[in-house]
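What the coordinates show
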Amino acid sequence: MSIVDTPERRQLRELTRSFVTREVLPHLADWERAGEVPRELHATAAKIGLLGIGFPESVGGSGGDLLDSILVTEEIIRSGGSSGLIAALFTHGIALPHMVAAAGGQSGGLLRGRLGGGQLRGDDDLVDRYVRPTLAGTMIGALAITEPDGGSDVAAIRTTARRDGDHYVVNGSKTYITSGVRADFVTTAVCTDFPGSGELSVLVIDKGTPGFTVGRRLEKLGWHCSDTAELSFVDVRVPVTNRIGEENTGFLAIMQHFAAERLSLATQAYATAQRCVELATRWCRDRATFGRPLASRQLVRHRLAEMHTRAEAARAYVHEVAARVAAGEPVVTEVAMAKNVAVAACDQVVDQALQLHGGFGYLRDAEVERHYRDARILGIGGGTTEIMNEIIAKGMGL
Ligand SMILES: Cc1cc2nc3c(=O)[nH]c(=O)nc-3n(C[C@H](O)[C@H](O)[C@H](O)COP(=O)(O)OP(=O)(O)OC[C@H]3O[C@@H](n4cnc5c(N)ncnc54)[C@H](O)[C@@H]3O)c2cc1C
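Calculation rules
- Residues numbered from 1 in each chain as written.
- Predicted model: local features only at pLDDT ≥ 70, side-chain atom pairs only at ≥ 80, totals over all residues.
- Heavy atoms only, no water.
- Axes fitted to C-alpha atoms, helices over the stretch in contact; angles between N-to-C directions.
- Helix = DSSP H or I, 4+ residues; strand = E, 2+ residues; numbered from the N terminus.
- Parallel < 35°, antiparallel > 145°, perpendicular 65-115°, else oblique.
- Left-handed = near helix turned anticlockwise from the far one by under 90°.
- Near = heavy atom within 4 Å.
- Polar contact = N/O pair within 3.5 Å; in protein donor to acceptor, adjacent residues only side chain to side chain.
- Areas by Shrake-Rupley, 256 points an atom, 1.4 Å probe, with all protein chains shown as cover.
- Nonpolar A, V, L, I, M, F, W, Y, C, P; charged D, E, K, R; others polar.
- Expected span 1.5 Å × (residues − 1).
- Buried < 20%, exposed > 50% of the residue type's maximum accessible area, 1.4 Å probe, protein only.
- Contact = heavy atoms within 4.5 Å.
- Pairing = 2+ DSSP bridges.
- Bend = angle between axes of the 7 residues up to and from the residue.
- Salt bridge = Lys/Arg side-chain N within 4 Å of Asp/Glu carboxyl O.

Turning our eyes to something else, we now look at the packing of helix H9 (residues 250–286) against helix H11 (residues 332–356). Contact geometry for H9 and H11: axes closest at 8 Å, N-to-C directions at 25 degrees. Judged on the interaxial angle alone, H11 and H9 are roughly parallel. Here the hand of the crossing between H9 and H11 comes out left-handed.

This is the structure in structure tokens:
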């Protein structure tokens, strides 16, 4: 039995599937055209407990652990949703964990084992002001790390926060920020020493704070239903009470929470591959050329078999690494390998799936076309394939 195949998780899978069927599929094409998902979707997902999966009940979440979060992500995509939808609806998965961890809850269900209880401490105020309303679907948060000068080298962040009494004065800019257009607050990585020093802190910055402007909505190859923005900070005064954790501990916090983001992206990758295998298999059964169904030809059958194998192997490896993360093992290298394995499987499978659809695969009407475009970001976001290879090489002692 698969580790995500328990009776409770089968129920969670069913809940997720019916949410997608009822609340997402009838509207997804409209949201892709609109460039964002509606705020009401967050409230609807919160009401049935989906938004809070992986977050402790003590901060307003639904409980559950990393594997539950993975299961929800997987099922959303396999039910006909998309990685773009995950990015838009579950941005809190990257925007909130730092706050939850600083308050003493285990972060986002994504770094450590089972959640649910846990006394909070310290940054409870941030939990009340941001975490609870976001998990209730009434607020939207974003995470801003990447800057126009570069995203891979996090230590080189140049957005500064200079202390001035009870405030920080923030100057700089961020780019490619998921949900940045809609976000009510932004969990923002800033440099609390001289620019490029690597001394980072994390501040929560409210939309509407004077000097904080949300720039243009960025147009993208894929993830069309997920809004992406540039952000600018000019002498933005942020209360010191909006700092997450201690000053100059941001780099470590950001690195720790990258593990969760990377496993989520790995899940999106293998689930997209699985969905594309299903779509291609259905297509090849129905589509006849030269008087016979495509699926009757050995070349096509073997291609589908290879696609299926790659997707399932990636899924098994991601689950294994996720289970080790959930057990508290330090598996930074394995998380990087899981992301690269799943992304490589996804890239190959979506390409083959589109090819098997022929000309129809190139049309907006084809679901596989959306997955083909959406998949391309998975090897870039949350640390690129090359940066994952750097981590893996270090883990090998190179
Ligand atoms: C749709 C979308 C959504 C995003 N959402 C967010 C978000 O919500 N929040 C956020 O903070 N960021 C977000 N990002 C940014 C994303 O995390 C970065 O794009 C990514 O980390 C890469 O950074 P970069 O684009 O600056 O590329 P660069 O760091 O400039 O890298 C460019 C290329 O050089 C390679 N490279 C870099 N260094 C090395 C090296 N040492 N050795 C070998 N190769 C190297 C990279 O792998 C890449 O191929 C998003 C990006 C996109 C496109």
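On we go from here.
So, on to the site of the ligand. Around the ligand, 18 residues are found, and the nearest of them are Thr146, Gly151, Ser152, Thr384 and Glu386. Here an oxygen atom of the ligand sits 2.6 Å away from a polar atom, N or O, in the side chain of Thr384. When isolated, the ligand has an accessible area of 980 Å², and the protein chains bury 64% of it. No other element matches the three residues that strand S3 (residues 167–178) contributes to the shell around the ligand. Each residue belonging to the shell around the ligand can be placed in one class, and the counts come to nine nonpolar, seven polar and two charged.

Right, let's talk about helix H4 (residues 66–78) for a bit. With 13 residues, H4 extends 18 Å between its outermost C-alpha atoms, agreeing within 8% with the 18 Å of an ideal straight helix rising 1.5 Å per residue. In terms of burial, H4 is largely enclosed, as 12 of its 13 residues are buried. Taken together, the buried positions of H4 are occupied by Leu66, Leu67, Asp68, Ser69, Ile70, Leu71, Val72, Thr73, Glu74, Glu75, Ile76 and Ile77. Check the buried side of H4 and you find it contacts helix H1 (7–24), helix H5 (83–89), H9, helix H10 (298–326) and helix H12 (367–375). Looking one or two residues past H4, Gly80 carries a phi angle of roughly 110 degrees, positive in sign.

Bringing the pairing of strand S5 (residues 200–206) into the picture now. A large share of S5 lies buried, amounting to six of its seven residues. Looking at chain direction, strand S4 (residues 185–191) and S5 are connected through seven bridges and run antiparallel. When the bridges of S5 are listed, Thr187 appears paired with Val204. Looking at chain direction, S5 and strand S8 (residues 243–244) are connected through two bridges and run antiparallel. Bridge pairing in S8 places Val202 opposite Ile244.

Bringing H9 into the picture now. For the α-helix, the turn length of 3.6 residues means that residues three or four positions removed from each other point alike. Between its first and last C-alpha, H9 extends 53 Å over 37 residues, near the 54 Å set by a 1.5 Å rise per residue. The sharpest bend along H9 reaches about 25 degrees and sits at Phe258.

Examined against the element boundaries, Thr91 turns out to sit in the loop between H5 and helix H6 (92–95). Taking relative accessible area as the criterion, Thr91 reaches 3% and is therefore assigned buried. As for Thr91 and Glu261, which are separated by 170 residues in sequence, their C-alpha atoms are 9.9 Å apart.

A full pass over the atoms with the stated rule returns 24 salt bridges. Between Arg78 and Glu278 there is a salt bridge, with its nearest N and O atoms 2.3 Å apart. Here Arg78, found in helix H4, pairs with Glu278, found in helix H9; they are 200 residues apart in sequence, far enough to count as distant. On the accessibility criterion, Glu278 (25% relative accessible area) is partly exposed. With its nearest N and O atoms 2.9 Å apart, the salt bridge here joins Asp164 to Arg237. Placement of the pair is Asp164 in strand S2 (residues 160–164) and Arg237 in strand S7 (residues 228–239), with a sequence separation of 73 residues.

Geometry only, nothing functional implied.
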